[in-house]
Amino acid sequence: MRRDTSVVAAIAVLALAQSACVSSKVEQFREAPTRSVQIAKGESVVILSRGQHGDRETESDFNTCLASALIKEGLPVMAEQVLVDALYPWLEPRTAPLNADALPTLLDRPGVEAKIRAAGVRYMIWIDGQSEVTGSAGGLSCAVGPGFAGCFGFGMWDKESAYRAEVWDLNQRSSVGKVSTRSTGTSYVPAFIVPIPLIARTQTAACDGAAEQLVDLVKPG
Amino acid sequence: MNPNPSRIVIMLAALALLAGCGPNRVEPPSRFPRPVMAPMALTAALDADTAFKTYVHSEKLPPPGQAWRLSIGPASVDWMKNLLAAAFAGFNPDSGTGADIVFRPSIESVQFSTPAQSRTEFYEAWIKYKVDVLDKSGKVVANWPIAAYGKRRDRALTSAEEGMAEAVNKAMRDGAAGLALELRDPKRLGSLLYAPPAVNQGNGNAS
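Below is a short write-up of the structure. Keep in mind the model is a prediction, meaning the values are calculated, not measured.

Considering the overall build of chain B
- On a plain count of helices and strands, chain B comes out with six helices and eight strands.
- Once local pairs closer than 6 in sequence are excluded, the contacts in chain B between residues at least 24 apart make up 69%.

See below:
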């Protein structure tokens, strides 16, 4: 009986360590063929989310993942809320610039450029996009009774994580480039007493892809 | 007399159930960052009446929804005071007498939605403000409708009240951004306050 329990536990642990396949497409667009920029000492980047859309918003954990990946690569990242509060109310969804052409309007507002310089922010990285389940099939049912608990069935769902990052140089008042990433994958959960989740980590794949290209675009000093 | 443990448990459970019967109370945070604005060389005042200062939106959602009580007034007063104090060289938060410009705000409507209602992942809040702008003589020279919107994603381990409070806070920040945009042009505001008297074309006496 003890051996059975340990086998089930081992299967569960093994299953948790598994993940389903994810396919990713990452694209980088530079404003000039040779234009990649290098961050200087004392400068930092800030990752900002687009909040203009009523029905969607980039998940905060995507931005956290991206920030961690950029920091790991040596890029100093300022927390989004710190800059949004420092420039209040000019980075609220209603007032934030929608494209690089509108950047001078923001920077020319009294006091804004001085605040940005004081914060040491050189590049703004605007993130737009989200992860969503695009389809699902199958079903699972679980039951608990005296001396018994288990799940039976098979569930699966497709997920897509699509994000776009746009990098703006606040000194040059222009766009440096864009990175777009799209990851898709199907997650499976077969269950025979113990459910075995095989999760397609599309958001993590999109985050890793975007971070790799962003570091190529804005090189750590 | 020793307290009976089972009786205490029953009383606590009853209290917990009773606590669950009340409406979801939302008190959005009243703290707003200091706005980045160049103060205009005018004195301003906020003339907020009691209805505005104490505005509460209560609504009972259709079953299985719950009742909600959103306290909108106090934090709305705070964001307006915060913004106007940064936008003008002189600001009197409590009295309109003697100021070059007086702002008289009102709340026309409040709406909200929960993730269960909208079948999205968001708590959402809409606040429709109206701000009457009065000159020194008390004449209304403009009225600005400000439709403010805020949303917050539903997160694990946070209560519905917290989610809604943050959505309302974001709506108020959006309202502040809307009012800041109205105030961004000192010339436009000056022309509202100090418009030249209209020339009466029909009564002209040529000399």
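Regarding the overall build of chain A
- Of the regular secondary structure elements, chain A holds six helices and eight strands.
- Start at the N end of chain A and walk to the C end: the helices and strands fall as α-β-β-β-α-β-α-α-α-β-β-β-α-β.
- On C-alpha atoms alone, chain A measures out to a radius of gyration of 22 Å, which is more than a quarter above the 17 Å that the 2.2 N^0.38 rule sets for 221 residues.
- Within chain A, the fraction of its 221 residues that count as buried is 33%.

Regarding the environment of A:Ile47
All names here are of chain A.
- Checked against the element boundaries, Ile47 lands in strand S3 (residues 44-49).
- By the C-beta count within 10 Å, which is 23 here, Ile47 ends up buried.
- Linking Ile47 and Arg94, residues 47 residues apart in sequence, is a C-alpha distance of 18 Å.
- Ignoring any residue separated from it by four or fewer positions in sequence, one finds Ile47 in contact with Asn63, Leu66, Ala67, Val77, Glu80, Ile125 and Ile127.

Some words on the interface of chain A and chain B
- Between chain A and chain B, the contact holds 16 residues from the first and 15 residues from the second.
- Class assignment for the residues of the side of chain A that touches chain B results in seven nonpolar, two polar and seven charged.

Section: the nonpolar core
- In terms of nonpolar packing, the biggest core is built from 48 residues, with B:Ala44, B:Leu83, B:Leu84, B:Met164, B:Val168, B:Ala171 and B:Ala176 touching the most fellow members.
- Elements that contribute at least two residues to this core include exactly strand S2 (40-46), helix H3 (73-87), strand S5 (88-92), strand S6 (101-113), strand S7 (122-134), strand S8 (140-153) and helix H5 (160-182) of chain B.
- The element that contributes the greatest number of residues to this core is H5(B), accounting for 10 residues.
- For B:Ala176, the contacting residues outside a window of four places in its chain are A:Pro89, B:Phe32, B:Trp79 and B:Leu83.
- Listed in part, the 42 residues of the second largest apolar core include A:Val45, A:Ile116, A:Val167 and A:Ala206.

Observations regarding the sheet that holds strand S3 (residues 56-60) of chain B
Residues and elements named next belong to chain B.
- As summarised here, the arrangement of the three strands in space is S1-S4-S3, forming an open sheet in which the pairing is mixed. Of all strands in the sheet, those with a lone pairing partner are strand S1 (24-26) and S3, marking the two edges. Going from strand to strand, the sheet's axes swing by 10° on average, the running direction of each strand aside.
- Both S1 and strand S4 (residues 67-71) contribute to a ladder of three bridges, which runs parallel. Residue pairing for S4: Val26 is matched across the bridge by Leu70.
- Running over the sheet, H5 touches S1 and S4 and is turned about 35° from S1.

Description of the packing of H3(B) against H5(B)
All names here are of chain B.
- Where H3 contacts H5, the two axes come as close as 10 Å, and the packing angle between them is 35°. Considering only the axes of H3 and H5, their crossing is right-handed. Residues Ala75, Ser76, Trp79 and Leu83 of H3 pack against Met172, Gly175, Ala176, Leu179 and Ala180 of H5.
- Here the residues of the contact of H3 with H5 are counted per class, giving seven nonpolar, two polar and no charged.

Points about the sheet that holds S8(B)
All names here are of chain B.
- Taken together, the five strands give an open sheet; going across it, the order is S5-S2-S6-S7-S8, and neighbouring strands pair in mixed fashion. With partners counted over all chains shown, the strands left at the sheet margins are S5 and S8, one partner each. Taking each pair of neighbouring strands and ignoring which way they run, the sheet shows an average axis angle of 30°.
- Pairing of S2 with S6 involves three bridges; the strand directions are parallel. Bridging across to S6, Ala45 finds its partner in Val102.
- On the sheet, H5 packs against S6, S7 and S8 and is oriented at approximately 145° with respect to S8.

Brief notes about the pairing of S6(B)
- Judged from the 11 bridges that link them, S6(B) and S7(B) form a sheet pairing that is antiparallel. Following the sheet pairing, B:Ser113 is matched in S7(B) by B:Glu124.

Comments concerning the pairing of strand S7 (residues 174-195) of chain A
Residues and elements named next belong to chain A.
- Pairing of strand S1 (residues 22-30) with S7, which is carried by nine bridges, proceeds in the antiparallel orientation. Bridging from a neighbouring strand, Gln28 pairs with Val179 of S7.
- The antiparallel hairpin formed by strand S6 (residues 148-169) and S7 contains four residues in its connecting segment, where Arg173 sits at a positive phi of about 60°.

Here we look at the packing of helix H2 (residues 60-72) of chain A against helix H6 (residues 202-217) of chain A
Residue and element names in this part refer to chain A.
- Following both chains from N to C, one finds H2 and H6 inclined at 40°, their axes separated by 9 Å at the closest point. Relative to H6, H2 is oriented oblique. The hand of the H2/H6 crossing is right-handed. Residue-level inspection shows Phe62, Cys65, Leu66, Ala69 and Leu70 of H2 in contact with H6, the latter providing Gln203, Thr204, Cys207, Asp208, Ala210, Ala211, Leu214 and Val215.
- A per-class count over the contact of H2 with H6 returns 10 nonpolar, two polar and one charged.

Focus: the environment of A:Asp61
- Residue placement: A:Asp61 occurs in helix H2.
- It is 9.7 Å that separates the C-alpha atoms of A:Asp61 and A:Thr204, two residues lying 143 residues apart in sequence.

Criteria and thresholds
- Residues numbered from 1 in each chain as written.
- Chains lettered and ligands numbered in written order.
- Predicted model: local features only at pLDDT ≥ 70, side-chain atom pairs only at ≥ 80, totals over all residues.
- Helix = DSSP H or I, 4+ residues; strand = E, 2+ residues; numbered from the N terminus.
- Contact = placed C-beta atoms within 7 Å.
- Rg over C-alpha atoms; globule rule 2.2 N^0.38 Å.
- Buried ≥ 20, exposed ≤ 12 C-beta atoms within 10 Å, placed from the backbone.
- Nonpolar A, V, L, I, M, F, W, Y, C, P; charged D, E, K, R; others polar.
- Core = buried A, V, L, I, M, F, W, Y, C linked by C-beta atoms within 7 Å.
- Pairing = 2+ DSSP bridges.
- Axes fitted to C-alpha atoms, helices over the stretch in contact; angles between N-to-C directions.
- Left-handed = near helix turned anticlockwise from the far one by under 90°.
- Parallel < 35°, antiparallel > 145°, perpendicular 65-115°, else oblique.

Purely geometric stuff here, so don't read any function into it on its own.
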